[in-house]
Amino acid sequence: MRKVLFTLSVASLAIMASCGVDTLSVDARNPAVTTADSRSPDTLDPAAVFVPGELLVKFVPGLGPEARGAALRAIGGTHARTILTAAMKRAGDGEGIVVVHTPMGVTEAAGALRRMPEVAYAEPNYIYRHQAVSNDTYFMSGSLWGMYGNASTPANQFGSQAAEAWAAGHTGSRTVHIGVIDEGAMFAHEDLAGQIWTNPWDPVDGIDNDGNGYVDDIHSWDFANGDNGTYDGVSDDHGTHVSGTIGAIGGNAKGVVGVCWNVTIISAKFLGSNGGTTEAAILAVDYLTDLKLRHGLLMPASSNSWGGGAFSQFLQDAIGRAGAADILFVAAAGNESLDLETTISYPAGYPNENIIAVAAIDSAGNLASYSNYGANRVDIGAPGSAVYSTVPSRNGRSSSYASYSGTSMATPHVSGAVALYAATHPAATAAQIKAAILGSAIPTASLSGKCVTGGRLDASLF
Ligand SMILES: [Ca+2]
Ligand SMILES: [Ca+2]
Ligand SMILES: [Ca+2]
Ligand SMILES: [Ca+2]
């Protein structure tokens, strides 16, 4: 049931606890979220797999307050708050998700609710956790193998071949927006500055100028802590690292370079220093969906280097809303060395067509020992082991670089390739971009029979 970021730790730095219970800022005219509860995010037992005493519940449509109340009384439950995002409303759902508090055990209470005809679904509010860490150098030094191609200098046939696309003049476009659903990203990092989105429609003035339910979401929103500060220091290292793989600045003689040199990254932070919940993940997914539709952004994908745990109908529905808006959901296959044909990993394993599930390979083209795989449930392999990218320094204020490994690191290589493709094919649908990514995969022995394409990412012709 545990949800984790798919980064392998060298020094196992576990950072965890609950987050979805923070008070979210709400615009009274257009509430995305209402909340009647505010607990410290740091009070959870580090071993907890969900927020204690809390459930996410969807009643059958049109059920009146008395019938809802009767159902909740059966579990001693109270209505804590309602999650009703702009994306849900766009999708025709005017009722949203009810967050319920119960004195009963969460699993028991969810089971009891699910048996009631009044309840469409009921789930624990799962907690996402992650591990992180490690350190060193970059592209010219031979360290950035995931960007190399057969004909680049340095070369590595098992890299993403992105360097060959650059050589052809394809370095992306700032008009392409990629959502990074993760921790926050250090937007002042020397190799990311200017690549992280600034919201032109909602300046910081205490007013929700763009009416999306989030006041002054100037650099997107922190769904973990309920504020507009999406970078909170060194604990946002993982989000900074994956962002750098997608779009660290190229050609500036500094640090690393992303697959797509020119891109706009929207950092939808749902993992705080203490983890994140299903509730926060849904809000982050829906935020991006609404942003694309509200402003007509070119946003071909979100990048999702996290997962694990149980099936959530709520999360699947949010991914479905993203799909309906032509947003690919690029997802890490996970790090448990599992065959996902027999054990499903979420969110990579949801059946939604807009998901691209990514396995990790190392610089010798091997399927990484930790990487999950699946002939039908994983789509493609990409560089995931010993990947250098951007991170904050220990004090959280200076720019640094580090090597991480995991399907967490493979995923943003694919997300960056999506961005590169969308820059030259701005009218392409999500299905067309997915077909291009999968269709160009290079057959790879270690991936044969282990994923849909049996191959690895090749961005050389994007
Ligand atoms: Ca706003
Ligand atoms: Ca404002
Ligand atoms: Ca924050
Ligand atoms: Ca650079």
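Residues numbered from 1 in each chain as written. Chains lettered and ligands numbered in written order. Predicted model: local features only at pLDDT ≥ 70, side-chain atom pairs only at ≥ 80, totals over all residues. Heavy atoms only, no water.

A. Main features of the packing of aromatic side chains. Inspection of the entire model under this criterion finds 13 aromatic pairs. The structure contains a cluster of three or more aromatic residues connected by ring pairs, namely Tyr214, Trp221, Phe223 and Tyr287. The residue whose ring lies beneath Lys450 is Tyr373, and the NZ or CZ to ring-centre distance is 4.7 Å. (Phe/Tyr/Trp six-rings, centres within 6.5 Å; stacked < 30°, edge-to-face > 60°. Lys NZ or Arg CZ within 6 Å of the ring centre and 35° of its normal.)

B. Structural detail: the layout of surface pockets. Considered as a void within the structure, the second largest pocket measures approximately 280 Å³ in volume. What lines the second largest pocket is a set of 20 residues, among which Phe139, Met140, Trp166, Gly251 and Val257 lie closest to the centre. For the lining of the second largest pocket, the class distribution of residues is twelve nonpolar, six polar and two charged. (1 Å grid on protein atoms, 1.4 Å probe; cavity = no way out; pocket = protein on both sides within 12 Å on 5 of 7 lines; lining within 4 Å. Points joined across faces, edges and corners; volume = space filled by probe spheres on them. Nonpolar A, V, L, I, M, F, W, Y, C, P; charged D, E, K, R; others polar.)

C. Quick look at the side chain of Asn125. With respect to the secondary-structure elements, Asn125 resides in strand β6 (residues 119–132). Reaching out from Asn125, the side chain makes a polar contact with the side chain of Glu54 at a distance of 3.0 Å. Of note is the side chain of Asn125, whose polar atom sits 3.1 Å from the backbone nitrogen of Glu279. If we skip the residues at most four places from it in the chain, Asn125 touches Phe50, Val51, Glu54, Leu56, Thr277, Thr278 and Glu279. (Helix = DSSP H or I, 4+ residues; strand = E, 2+ residues; numbered from the N terminus. Polar contact = N/O pair within 3.5 Å; in protein donor to acceptor, adjacent residues only side chain to side chain. Contact = heavy atoms within 4.5 Å.)

D. The coordination of the calcium ion (ligand 2), seen in detail. In the first shell of the calcium ion (ligand 2), the protein supplies Asp202 (OD), Pro203 (O), Asp205 (OD), Ile207 (O), Asn209 (OD1) and Asp216 (OD), at 2.1 to 2.3 Å from the metal. Each of the six donor atoms around the calcium ion (ligand 2) contributes to a set of angles spanning 75 to 172 degrees, which defines the coordination as octahedral. Sequence positions of the residues that donate to the calcium ion (ligand 2) give the spacing D-P-x1-D-x1-I-x1-N-x6-D. Taking relative accessible area as the criterion, Ile207 reaches 45% and is therefore assigned partly exposed. (Donors = N, O, S within 2.8 Å, 3.2 Å for Na, K, Ca; no water. Tetrahedral: all angles 85-135°; square planar, octahedral: opposite > 155°, others 65-115°. Buried < 20%, exposed > 50% of the residue type's maximum accessible area, 1.4 Å probe, protein only.)

E. Region of interest: the coordination of the calcium ion (ligand 4). The protein atoms donating to the calcium ion (ligand 4) are Asp191 (OD), Asp191 (OD), Ile249 (O), Asn252 (OD1), Lys254 (O) and Val256 (O), with metal-donor distances spanning 2.3 to 2.7 Å. In this structure, the calcium ion (ligand 4) is coordinated by six donor atoms arranged in irregular fashion, with angles at the metal of 51 to 176 degrees. Counting residues between consecutive donors of the calcium ion (ligand 4) along the chain gives the motif D-x57-I-x2-N-x1-K-x1-V. In this structure Val256 comes out as buried when scored by relative accessible area, which is 4%.

F. Seen up close, the environment of Tyr370. Among the structural elements, Tyr370 can be located in the loop between β13 (355–361) and β14 (380–383). As for Tyr370 and Asn335, which are separated by 35 residues in sequence, their C-alpha atoms are 4.9 Å apart. A distance of 2.8 Å separates the side chain of Tyr370 from the side chain of Ser385, its partner in a polar contact.

G. Spatial organisation of the pairing of strand β8 (residues 262–269). Of all eight residues that make up β8, seven are buried, and the element is covered over most of its length. As judged from the seven bridges shared by strand β7 (residues 172–182) and β8, these two strands associate in the parallel manner. When the sheet's bridge partners are listed, Val180 is paired in β8 with Ser267. (Pairing = 2+ DSSP bridges.)

H. Geometry of helix α9 (residues 430–439). Restricting attention to buried positions, one finds in α9 the residues Ala430, Ile433, Lys434, Ala436, Ile437 and Leu438. Looking at the buried positions of α9, the neighbouring elements they touch are β10 (298–304), β12 (328–332), β13, β14 and α8 (407–424).

I. Highlighting empty space enclosed by the protein. Per the counting criterion, the structure on display carries three cavities of 30 Å³ or more. Size it by volume and the largest cavity reaches roughly 50 Å³. Lining the largest cavity are ten residues, and of these Thr85, Ala86, Asn212, Tyr214 and Tyr287 lie nearest its centre. Elements with a minimum of two residues in the lining of the largest cavity: α2 (86–90) and α6 (278–295). Looking at the lining of the largest cavity element by element, the count peaks at four residues for α6. Grouping the amino acids of the lining of the largest cavity by side-chain chemistry returns six nonpolar, two polar and two charged. Both of domain 1 (3–129) and domain 2 (132–456) provide at least three residues apiece to the lining of the largest cavity. (Domains from an automatic or database assignment.)

J. Region of the structure containing the packing of α6 against helix α7 (residues 313–324). Interaxial distance between α6 and α7 falls to 9 Å at its minimum, and their mutual angle equals 10 degrees. Classified by the angle between their axes, α6 and α7 sit roughly parallel to one another. For the pair α6 and α7, the contacting residues are Ala281, Ile282, Val285, Asp286 and Thr289 in the first and Phe314, Leu315, Ala318, Ile319, Arg321 and Ala322 in the second. A class-by-class count of the residues in the contact of α6 with α7 yields eight nonpolar, one polar and two charged. (Axes fitted to C-alpha atoms, helices over the stretch in contact; angles between N-to-C directions. Parallel < 35°, antiparallel > 145°, perpendicular 65-115°, else oblique.)

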